[in-house]
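Okay, here's what each chain looks like letter by letter:
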Amino acid sequence: MKNKPFFVGYLPVPKALRMFLWVISATLVVGAGAAGYAIGTTQDDPGTGAFRFDYGRQTVTGVIELTPLPLLHVTQGNDRIPAGRTLMMTAGGKMGVLGRAAPLEGQLATASGVLLEQGDLDMLQLRGGRNGLKAAEGTVETPAPVPLGRWKLAGEICDGKCLAGAMRPGRGLAHKACANLCLIGGIPPVFVSSQPVQGEEFLMVVGPDGTEMPQAAYNRVGQYISVEADIARHGDLLVMAIDPATMEVLD
Amino acid sequence: MSGGETIVWLVQIWLTAGAVVAALFLIVGIDRIDDDARGAYVFRPLLVPAVLLIWPLVLWRWFVLETGRDQWAARHRPPRRQHLVAAVGMALLIGFSLIAGLSVRQIWPGDIAPQQLTPPAGTED
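Small disclaimer: the values here were computed from a predicted structure and weren't measured.

*Asks:* Lay out the overall build of chain A with the relevant residues and their values.
*Replies:* Check the secondary structure of chain A and you find six helices and 13 strands. Whereas a compact globule of 251 residues would reach a radius of gyration of roughly 18 Å, chain A reaches 25 Å, over 25% beyond that. For chain A, the spread of C-alpha atoms along the three principal axes comes to 95 × 40 × 30 Å. Looking at chain A alone, contacts between residues at least 24 apart form 67% of all its contacts between residues at least 6 apart.

In structure tokens:
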């Protein structure tokens, strides 16, 4: 029987296998590096969004509006979150705060938590229970929404929390399942517009006639779509009531 | 039924069949084909998750061992013969998947501007 060279890790490499091993090793190192570079350069920039733990705990007071998802129109802010800002809110993990905010609709409330920030988009992750959101003394009128008409936009529906920095990347098709779990949990959906609308790149998404985002839209999360929507300005935040029948997936 | 619902339905069927096989195999079958398993029960629940996933293979091996068709020495020969083909095939599949994924990827519609279809009520000229 012909003796074939046999590689054993702890013994010297057989002469007949040396060239083969060098070629394979070099190919793997160069190939893996090239593949990593090629794949990495085709990925979109995840942006600068992040939990801003460096800001410390943020506590602000404002009036709660249900769109039907809750917004906080800040009336007494701080250096980071000045009065006049409109904040979307989330609980820890993949949970929204509708259950805590609904009883406070139209009332002043004190919200406390950590800020997530990506460009013009910010969201407050509340502390647990009443430490995160509780009624405050006083009364303030909820700012009346300002209708901006019906628009046709192109862009992508994301979950606002991951997009604001809870995950990087927090958008795109690879993030779709995570985004849908967040949205099912009650985290506000956010539309990233291809170009600014009235100066805003990010718009909160609701359904028509004061409903939550319709189920049909969940199937289009993470895809680039065009959609018609009635847009209104709530405080300094744009809210778009999408018409699911007009959704089209772009090329 | 949407694509997602169909996938969930198929997964439910697969797991249900796996649960039936797991119950039969771990209560009846394993004693018949594995001497070492006789009288040992605590480890059996640990096998349930795997049986749920690969129940066709469990059924096949049960059948082979039960009917005495098993040739243990020959069991690994066919996979060894196919290792080179499988390795090259999988490497090509990775490359193909990457190229296919990139080729069907959408392009960000940065050139599409927002378009106002109708002004807000009460402001029409």
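That covers the picture; the talk isn't over yet.
*Asks:* Outline the overall build of chain B, supporting the account with residue identities and numerical values.
*Replies:* Regarding its fold elements, chain B presents three helices and one strand. For chain B, the α and β elements follow one another from N to C terminus as α-α-α-β. Taking 14 Å as the expected radius of gyration for a compact globule of 125 residues, we find that chain B reaches 27 Å, considerably beyond that expectation. Across its three principal axes, chain B shows a C-alpha extent of roughly 90 × 40 × 25 Å.

*Asks:* Give a detailed account of unusual backbone geometry, specifying residues and quantitative values.
*Replies:* Residue and element names in this part refer to chain A. Note that the residue after T67, namely P68, is joined by a cis bond; omega there is 20°. Note on placement: P68 falls in the loop between β2 (58-66) and β3 (70-76). In this structure, P169 follows R168 across a cis peptide bond, with omega equal to 5°. For P169, the location among the structural elements is in the loop between α4 (160-166) and α5 (176-184). Residue Q198 is not a glycine yet carries a positive backbone phi of 50°. Residue position: Q198 is located in the loop between β9 (189-197) and β10 (200-206). Within the chain, D209 stands out as a residue other than glycine whose phi angle is a positive 55°. Following the sequence through the fold, D209 ends up in the loop between β10 and α6 (215-218). Taking the number of C-beta atoms within 10 Å as the measure of exposure, D209 has 7 and is therefore exposed.

*Asks:* Please set out the packing of helix α1 (residues 3-33) of chain B against helix α2 (residues 44-66) of chain B residue by residue, giving values where relevant.
*Replies:* All names here are of chain B. Packing of α1 against α2 brings their axes to within 7 Å, and their N-to-C directions diverge by 65°. For the pair α1 and α2, the crossing hand works out as left-handed. Between α1, through L15, A17, G18, A19, V21, A22, F25, L26, G29, R32 and I33, and α2, the contact on the second element is made entirely by R44, L47, V48, V51, L52, L53, W55, V58, L59, W62, L65 and E66. By residue class, the composition of the contact of α1 with α2 is 18 nonpolar, two polar and three charged.

*Asks:* Please provide a residue-by-residue account of the interface of chain A and chain B, values included.
*Replies:* Each partner contributes residues to the interface: chain A has 19 residues there, and chain B has 16 residues. Sorting the residues of the side of chain A that touches chain B by element identifies β8 (146-159), β9 and β11 (224-234) of chain A as the ones contributing at least two each. Looking at which element gives the most residues to the side of chain A that touches chain B, the answer is β8 of chain A, with eight residues. Among the residues forming the side of chain A that touches chain B, the class breakdown is nine nonpolar, six polar and four charged. Sheet analysis places β8 of chain A next to strand β1 (residues 115-118) of chain B, joined by three bridges and oriented antiparallel. Of the residues in β1 of chain B, the one forming a bridge with K152 of chain A is Q115 of chain B.

*Asks:* Tell me about the domain arrangement of chain B, residues and numbers included.
*Replies:* If you check the domain split of chain B, you get domain 1 (1-70) and domain 2 (73-104). Inter-centroid distance (C-alpha atoms) of domain 1 of chain B to domain 2 of chain B is 26 Å.

*Asks:* Got a sec to walk through the domain arrangement of chain A? Specific residues and values, please.
*Replies:* Residue and element names in this part refer to chain A. Assigned domains of chain A: these are domain 1 (50-135) and domain 2 (146-249). Between the C-alpha centres of domain 1 and domain 2 the distance comes to 19 Å. Taken together, the contact pairs 25 residues of domain 1 with 26 residues of domain 2. For the side of domain 1 that touches domain 2, the secondary-structure elements that each account for two or more residues are β1 (50-51), β3, β4 (86-90), β5 (108-118) and β6 (121-126). Looking at the side of domain 1 that touches domain 2 residue by residue, the classes come out as eleven nonpolar, eight polar and six charged.

*Asks:* Go over the environment of W151 of chain A, please, and point to the residues and values.
*Replies:* Residue and element names in this part refer to chain A. Here W151 lies in strand β8. For W151, a count of 21 C-beta atoms within 10 Å translates into the label buried. Counting along the chain gives 141 residues from W151 to Y10, while the straight-line C-alpha distance between them is 70 Å.

The rules behind these values
Residues numbered from 1 in each chain as written. Chains lettered and ligands numbered in written order. Predicted model: local features only at pLDDT ≥ 70, side-chain atom pairs only at ≥ 80, totals over all residues. Helix = DSSP H or I, 4+ residues; strand = E, 2+ residues; numbered from the N terminus. Rg over C-alpha atoms; globule rule 2.2 N^0.38 Å. Contact = placed C-beta atoms within 7 Å. Buried ≥ 20, exposed ≤ 12 C-beta atoms within 10 Å, placed from the backbone. Axes fitted to C-alpha atoms, helices over the stretch in contact; angles between N-to-C directions. Left-handed = near helix turned anticlockwise from the far one by under 90°. Nonpolar A, V, L, I, M, F, W, Y, C, P; charged D, E, K, R; others polar. Pairing = 2+ DSSP bridges. Domains from an automatic or database assignment.

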